[in-house]
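# An overview of the molecular structure
Listed below are the residues making up each chain.
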Amino acid sequence: MRRTRSTALLMAALAAATAGLAACGSSGGSSGGSSASGSKVLKIWWYESPGSAYQIAWDQAVTDFKRQHPGVTVQFSLKSFNQMQQNASMILNSSDVPDVMEYNKGDATTGLLSKQGLLTDLTAQATKYGWDKKLSPDLQVTARYSPKGVMGSGDWYGVSDYAEYLTVYYNKTMFAKYHIAVPTTFAQFTAAMADFVKDGVTPLANAGNDYMAMQYLYELELGKATPQDVQNYQRYTGPVNFHDAAWTGAAATFQSWVKQGYIAKDSVGLTATQAGNDFQTGKNPMMVSGSWWAGTFQSAIKNFQWGSFLWPGNTLNAGSGGNLFVVPKNAADKQLAYEFINDTLQPDVEAKLADNGAVPISASTSGVTNPQGMQLIQNFQTLANSNGLAYYPDWPTPSFYNTLLAQTQDLMNGASADQVLGTLQSTYDQYVNSLG
Amino acid sequence: MTSTSTALADAKDRGRQARKHRSLPYLPYLLPSVVLFACVIALPFCMNVFTSFNDWSGVGPMKWAGLANYRRLMHDSEFWASIWHSAALVAAMAVLPTIIGLVLAAALFDVIAKRFGPRVASILRACIYLPQVLPIVVAAIVWGWILDPQYGALNALLRAAGLGFLAHDFLGDPKTALLTVMAILVWFQLGYPVVIFMAALQRVDPALAEAAEIDGASWRQRLWRVTVPQIRPEIYVVLLTCTVASLRAFAWIYALTSGGPGTATQVPSYYSYISFFTNLDVGYGSAIATVLTLIIIVVAAVFLGAQRRHQAMAD
């Protein structure tokens, strides 16, 4: 009898604890919509750091929204990139979700969430608010996803108000000091790097333990790739051969650059922040990375002149629309979310982006007061006009960021290019085959 | 004969009932732990095992995959490399600190404390233990700075001392990355066995060591023949806890190398994490976690079995 009572007690406690946990999991159900006092609430999440062009511009959008909706309380939460990258699926699968949030573009991120049914289809809103006119076809690629979660076609699941692309940042003062001209062809680019090496300067800042090394590899690959190759690689529209001329050439050139000292071998363990510091402190006269660095350089670099130019000789260049504002499926007040997204696309917000070192989707230079910002936007216009945006190398599969990171580190450490490309091929094929 | 058997059976029965009655009042006290164990360990573990038999991205419907994830695991060179790296970390976090810790503890207890006083021994013990109180991520970031190939203190020191030829990208070179991580882990872990062994040495009867000394045993012989057998239970505890900790090592790899360069410092716990959260391959990540858990259970069982055998022999 006692044993029975003990067992019953144990079961009851287990049930209570499980119920408690379940309750914890589903608590906080009052997401947005209306507050306790009955007034409407718009919950916004993003992960751009304070002081960045995006934060400055989106603060303007919040101000505009509040002015248009005096009865609505805006609840903003700053999240971290990792927090969203790792937990977005779980968060969006709960009832405690924001009404609108920033999320990474691409198949492995927004594409995956849309496929899982966790995001609201914004197609009707894109037409209603005219977003389909404001975003050029190139920028719409990352906003639209097929039922399989592949970008480039299908319904709208997010909207971006800025664009981004890889560019070559350069230290004008160092170029002048060593009498090196700004290169306009690939041959001039390598010649300039050879000249810097002769002067004892490592020309390119790099981070092997971050996204930079893989971006060098991709830019080199794009130098020989065709637009169809890009589509095949990014959207699985055809076979991808990592042993073709473009990839083998890119791997060989990347390795030879490390060997020749254009890229420091000991940058294999560095992070992007460390590489950025190397450029900012004048250790390396060039850094190839995203337009998102411009705002940082604008405010941090005081002791030398800097500028940017497109990767010489490439028609195709890594780049895309920026991160997206998405509306979770379980958002409490979707209408408010749509109106906020629309506010982020207005001229005053675009002007803030442009003037603080970002590239607005309109690519308008009106009101831009600094020359670096002007250059950045003009270079983007060149890319956009030639349909040259080729997205990013790690987008095709969720695991490709880690695979590319490890494989480019191996390349820097002298691994066989054939073996590295073989690993890329098998990882890529495995994922594509799993899509069915 | 029959009455004796009946009496014996009655006595056994009474004994069993008495034991049962004695244990029952304690059950309510065990309940909180049982509930916690069930909710925090047993249930998630069962769910993890179930997930490992599925193909799942973390959200949405699971697709039954049977043993596919385990078959993939068997042929995954990165997983096997991570297992070997884990074995190296066992050496760095359990074997080496236990050996060095034993010698250091004995030296502090027998030599330093006697010659320079217990205060000096305590200060030295605290210094050796200090890394253990540092948050792992903080310590890892600081080590990352020290070992930075371009601006790091270690290379700067080597160059300043005229040993520039030894300056190296310790964490960036696959030949030295794992060894460097191991060296850092020895530094971090050493304090734990030293403190445990010094406490253990307090309870060893000094008469035994004195008798051995009178018989002409050297310090090394006394340590090995007299002290070590006396503190064997503590050695088992240290080896077991350090081995389990090394198999679970995650934060050091996460903060120092991210498993790189390439996969030179990849370990199962980090590989599982990457599969879960970055690659969104939750079924495969679960399979790695399940295998890791089984390895830890087997290792713990082997240690506890060995300890019981030694205890039985000693008794």
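Residues numbered from 1 in each chain as written. Chains lettered and ligands numbered in written order. Predicted model: local features only at pLDDT ≥ 70, side-chain atom pairs only at ≥ 80, totals over all residues.

Further remarks concern the overall build of chain A. When helices and strands are counted, chain A shows 19 helices and 13 strands. Radius of gyration (C-alpha) of chain A: 24 Å, near the 22 Å computed for a compact globule of 436 residues. Referenced to the eigenvectors of the C-alpha coordinate spread, the extents of chain A come out at roughly 85 × 60 × 40 Å. Burial statistics for chain A: of 436 residues in total, 51% are counted as buried. Across chain A, every contact between residues at least 6 apart in sequence was considered, and the portion connecting residues at least 24 apart equals 77%. (Helix = DSSP H or I, 4+ residues; strand = E, 2+ residues; numbered from the N terminus. Rg over C-alpha atoms; globule rule 2.2 N^0.38 Å. Buried ≥ 20, exposed ≤ 12 C-beta atoms within 10 Å, placed from the backbone. Contact = placed C-beta atoms within 7 Å.)

On a plain count of helices and strands, chain B comes out with 15 helices and 2 strands. The C-alpha atoms of chain B give a radius of gyration of 25 Å, which is well past the 20 Å a tight globule of 315 residues would have. In terms of overall dimensions, chain B has a C-alpha envelope of 90 × 70 × 35 Å along the principal axes. Counting all 315 residues of chain B, 33% fall into the buried class.

Burial of helix α10 (residues 212-222) of chain A is extensive: 11 of the 11 residues sit out of reach of the surface. Those residues of α10 of chain A hidden inside the fold are in contact with β7 (162-171), α12 (245-260), α13 (272-280), β9 (286-290) and α18 (400-412) of chain A.

Our next topic: the environment of Ile146 of chain B. Residues and elements named next belong to chain B. Structurally, Ile146 is set in helix α6 (residues 136-146). Distance in space between the C-alpha atoms of Ile146 and Leu124 is 23 Å, their sequence separation being 22 residues. For Ile146, the contacting residues outside a window of four places in its chain are Gly152, Ala153 and Leu154.

Contacts between the two partners involve 29 residues from chain B, matched on the other side by 29 residues from chain A. Per-element accounting of the side of chain B that touches chain A gives the leading share, 6 residues, to helix α2 (residues 27-52) of chain B. Here the side of chain B that touches chain A is composed, by residue class, of 15 nonpolar, 11 polar and 3 charged. (Nonpolar A, V, L, I, M, F, W, Y, C, P; charged D, E, K, R; others polar.)

So, about helix α2 (residues 53-68) of chain A. Compared with the 22 Å implied by 1.5 Å per residue over 16 residues, the 23 Å span of α2 of chain A between its first and last C-alpha is a close match. Packed against the buried residues of α2 of chain A are β2 (40-46), β3 (72-78), β7, α14 (294-300), α15 (334-344) and α16 (347-355) of chain A. (Expected span 1.5 Å × (residues − 1).)

With domains assigned, chain A is organised as domain 1 (33-160 + 322-362) and domain 2 (164-320 + 390-435). Computed from C-alpha coordinates alone, the two centres of domain 1 of chain A and domain 2 of chain A are separated by 29 Å. (Domains from an automatic or database assignment.)

Residues and elements named next belong to chain A. Across the interface, α12 lies against helix α19 (residues 417-435) with an axial gap of 10 Å and an inter-helix angle of 130°. Looking at the two axes, α12 sits oblique to α19. Between α12 and α19 lies a crossing whose hand is right-handed. When α12 is examined against α19, the residues Trp247, Thr248, Ala251, Ala252 and Gln255 are found in contact with a partner set consisting of Ala417, Val420 and Leu421. The residue makeup of the contact of α12 with α19, split by class, is 6 nonpolar, 2 polar and no charged. (Axes fitted to C-alpha atoms, helices over the stretch in contact; angles between N-to-C directions. Parallel < 35°, antiparallel > 145°, perpendicular 65-115°, else oblique. Left-handed = near helix turned anticlockwise from the far one by under 90°.)

To continue, consider the nonpolar core. One finds Leu217, Ala251, Phe340 and Phe380 of chain A together with Ala105 and Phe197 of chain B to be the most contacted residues of the largest nonpolar core, which totals 189 residues. The greatest single-element share of this core, amounting to 12 residues, is contributed by helix α4 (residues 77-116) of chain B. Of the domains in this structure, domain 1 (33-160 + 322-362) and domain 2 (164-320 + 390-435) of chain A are the two that each give at least three residues to this core. Apart from the residues within four sequence positions on either side, Phe340 of chain A is in contact with Leu42, Ile44, Ala61, Phe65 and Val100 of chain A. (Core = buried A, V, L, I, M, F, W, Y, C linked by C-beta atoms within 7 Å.)

Residue and element names in this part refer to chain A. By the bridge criterion, 7 bridges tie β2 to β3 in an arrangement that is parallel. Bridged to Lys40 within β3 is Val72. A crossover links β2 with its parallel partner β3, the connecting element being α2, and its sense is right-handed. (Pairing = 2+ DSSP bridges. Right-handed = clockwise from strand over helix to strand, strands pointing away.)

Let's shift gears to the confidence of the model for chain A. Residues and elements named next belong to chain A. For chain A, mean pLDDT is 88; residues scoring 70 or higher make up 91% of the total. The secondary-structure element of chain A with the lowest mean pLDDT is helix α1 (residues 2-26), recorded at 38, while strand β8 (residues 204-205) shows the highest, at 98. Taken together, the stretch residues 1-32 has pLDDT below 50 and engages in 30 contacts with residues farther than four places along the chain or on a different chain. (pLDDT = per-residue confidence, 0-100.)

Residue and element names in this part refer to chain A. Across the 7 residues that make up β2, a large majority, 6, are buried. Two elements, β2 and strand β4 (residues 100-103), share 2 bridges in a ladder whose sense is parallel. Residue pairing for β4: Trp45 is matched across the bridge by Met101.

This part is about unusual backbone geometry. At the junction of Gly260 of chain B and Pro261 of chain B, the peptide bond is cis and its omega measures out at 0° in the coordinates. Its location among the elements puts Pro261 of chain B in the loop between α13 (251-256) and α14 (268-278). The backbone of Asn387 of chain A shows a phi angle near 50°, a positive value even though the residue is not glycine. Summarising the element assignment, Asn387 of chain A is placed in the loop between α17 (371-385) and α18. Of the residues examined, Asn387 of chain A has 13 C-beta atoms within 10 Å and is grouped as partly exposed. If you check the backbone angles, Tyr391 of chain A has positive phi at about 60° while not being a glycine. Structurally, Tyr391 of chain A can be placed in the loop between α17 and α18. Residue Tyr391 of chain A is classed as buried on the basis of its C-beta count, with 27 C-beta atoms lying within 10 Å.

A few words on the packing of α4 of chain B against helix α9 (residues 191-202) of chain B. Between two packed helices, both the angle of their axes relative to each other and the distance between the axes serve to describe the pair. All names here are of chain B. Contact pair α4 / α9: the axes reach a minimum separation of 8 Å and the direction vectors enclose 45°. Put simply, α4 runs oblique to α9. Here α4 and α9 pass one another in a crossing that is right-handed. Contact residues: Pro97, Thr98, Gly101, Leu102, Leu104, Ala105, Ala106, Leu108 and Phe109 in α4; Tyr192, Pro193, Val194, Phe197, Met198 and Leu201 in α9.

What follows is about the environment of Lys43 of chain A. All names here are of chain A. With respect to the secondary-structure elements, Lys43 resides in strand β2. Judged by local crowding, Lys43 falls into the buried class, with 24 C-beta atoms found within 10 Å. Sequence separation between Lys43 and Asp59 is 16 residues; the distance between their C-alpha atoms is 14 Å.

In this section: the confidence of the model for chain B. Residue and element names in this part refer to chain B. Chain-level pLDDT for chain B is 90 on average; 93% of the residues reach the 70-or-more range. Looking over chain B, one finds the lowest element-wise mean pLDDT in helix α1 (residues 2-23), namely 58, and the highest in helix α8 (residues 174-189), namely 96. Interface confidence for the predicted complex, given as ipTM, is 0.77, next to a pTM of 0.83.

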